[in-house]
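Structural description and commentary
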Amino acid sequence: TTEEEGELVYRGVVLNEMRGVFSDPISTVSRLSQNMLFPDTTYQHVSGGDPAVIPTLTFADFTSFHERFYHPTNSKVVVTNLNDV
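Residues numbered from 1 in each chain as written. Predicted model: local features only at pLDDT ≥ 70, side-chain atom pairs only at ≥ 80, totals over all residues. Heavy atoms only, no water.

Time to look at the confidence of the model for the protein. For the protein, per-residue confidence averages 85 on the pLDDT scale, and residues scoring 70 or more make up 94% of the total. Looking across the protein, the model is least confident in helix α3 (residues 59–69), with a mean pLDDT of 89, and most confident in helix α2 (residues 25–37), with 91. (pLDDT = per-residue confidence, 0-100. Helix = DSSP H or I, 4+ residues; strand = E, 2+ residues; numbered from the N terminus.)

Okay, structure coming up:
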């Protein structure tokens, strides 16, 4: 908040980075192309989030997403060996 006006001011590294990405014309074309090329995959989403939606994210939403998707059962492990076995 600003102390003088008592207004809520949104700040944050991710929010400001995404504002920059969404204001760049080349990034906008790239983002829209991905949406059209990959409509039914995770690639249709912006990994950093839409700056218009970021302020509506609640802690409960965040933790629910994390619990659902950041789990070992969602991982894939690849093991390689460059040596003869």
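After presenting the structure, the write-up continues.
So, on to a nonpolar patch on the surface. On the surface, L37, F38 and Y43 cluster together into a nonpolar patch covering about 350 Å² of accessible area. With respect to the helices and strands, L37 occurs in helix α2. (Patch = residues over 30% accessible without salt bridge, like charges linked within 9 Å, V, L, I, M, F, W, Y side chains within 5 Å. Areas by Shrake-Rupley, 256 points an atom, 1.4 Å probe, with all protein chains shown as cover. Salt bridge = Lys/Arg side-chain N within 4 Å of Asp/Glu carboxyl O.)

Glancing now at the packing of helix α1 (residues 13–23) against α2. One can describe the packing of α1 onto α2 by two numbers: an axis separation of 5 Å at closest approach and a directional angle of 85°. As far as their axial angle goes, α2 and α1 are roughly perpendicular. Residues V21, F22 and S23 of α1 form the contact with α2, whose participating residues are P25, S27, T28 and R31. Partitioning the contact of α1 with α2 into residue classes produces three nonpolar, three polar and one charged. (Axes fitted to C-alpha atoms, helices over the stretch in contact; angles between N-to-C directions. Parallel < 35°, antiparallel > 145°, perpendicular 65-115°, else oblique. Contact = heavy atoms within 4.5 Å. Nonpolar A, V, L, I, M, F, W, Y, C, P; charged D, E, K, R; others polar.)

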